[in-house]
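# Summary of the model geometry
These are the residues of each chain, in order.
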Amino acid sequence: MNKHKVEQRRLVFKGREFHFVSYEGQVANAARAIEATEASWFLMSAGKRWEVMPHSPDQEALEVDRRLMAWLKERMAS
């Protein structure tokens, strides 16, 4: 069984640093009413996390940064 390697990315957008962390997926557990989730990137801030996009371990760092930055631009535009 492959062990998920946690990855972290820090990006600066409009003078602020944003911290993203990858989390492994979770298998479903019907007894506890837990649905399956896939590995994902999350924005970490103020002790909370927001899901951003799926995590793919074979994706290159520059592509990950590009997609995370696009997500930030979309969310911060309003």
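Heads up: the structure comes first, above all this text.
Here's what I pulled together on the structure shown here. All of these numbers come straight from a predicted model, not from anything done at the bench.

Reading the values: the criteria
- Residues numbered from 1 in each chain as written.
- Predicted model: local features only at pLDDT ≥ 70, side-chain atom pairs only at ≥ 80, totals over all residues.
- Heavy atoms only, no water.
- Helix = DSSP H or I, 4+ residues; strand = E, 2+ residues; numbered from the N terminus.
- Buried < 20%, exposed > 50% of the residue type's maximum accessible area, 1.4 Å probe, protein only.
- Polar contact = N/O pair within 3.5 Å; in protein donor to acceptor, adjacent residues only side chain to side chain.
- Contact = heavy atoms within 4.5 Å.
- Salt bridge = Lys/Arg side-chain N within 4 Å of Asp/Glu carboxyl O.
- Pairing = 2+ DSSP bridges.
- Axes fitted to C-alpha atoms, helices over the stretch in contact; angles between N-to-C directions.

Another aspect to go through is the side chain of Ser-40. Considering the arrangement of structural elements, one finds Ser-40 in strand β3 (residues 40-45). For Ser-40, a relative accessible area of 1% corresponds to the buried category. Within the structure, Ser-40 has its side chain in polar contact with the backbone oxygen of Glu-38 (distance 3.1 Å). With near-sequence residues (within four places) excluded, Ser-40 lies in contact with Val-21, Ser-22, Tyr-23, Glu-51, Met-53, Pro-54 and His-55.

Here we come to the pattern of salt bridges. In the structure shown here, the tally under the stated rule is four salt bridges. The shortest N-O distance in the salt bridge between Arg-9 and Asp-65 comes to 2.8 Å. A residue pair is termed long-range when its members are at least 10 positions apart, and Arg-9 in strand β1 (residues 8-13) and Asp-65 in helix α1 (residues 61-76) qualify at 56 residues. Given the relative accessible area of 24%, Arg-9 is considered partly exposed. Here Glu-74 makes a salt bridge to Arg-75, at a shortest N to O gap of 2.8 Å. Since its relative accessible area comes to 57%, Glu-74 is described here as exposed. Exposure remark for Arg-75: the relative accessible area of 41% places this residue in the partly exposed category.

What follows deals with unusual backbone geometry. Most of the time, phi is negative for any residue but glycine, and the peptide bond is trans. Despite not being glycine, Lys-14 shows a phi value in the positive range, around 50 degrees. Position of Lys-14 among the secondary structure elements: in the loop between β1 and β2 (16-23). According to the relative accessible area criterion, Lys-14 is exposed, its value standing at 68%. Of note, the phi angle at Ala-46 is positive, near 55 degrees, even though the residue is not glycine.

Here we have four strands laid out as an open sheet, ordered β1-β2-β3-β4, and antiparallel in their pairing. Across the chains shown, the open sheet's two edge strands, defined by having one partner strand only, are β1 and β4 (48-54). Averaged over all pairs of adjacent strands, the angle between strand axes in this sheet comes to 30 degrees, irrespective of strand direction. Examined bridge by bridge, β1 and β2 share six bridges and lie antiparallel to one another. By the bridge assignment, Val-12 is partnered in β2 with Glu-17.

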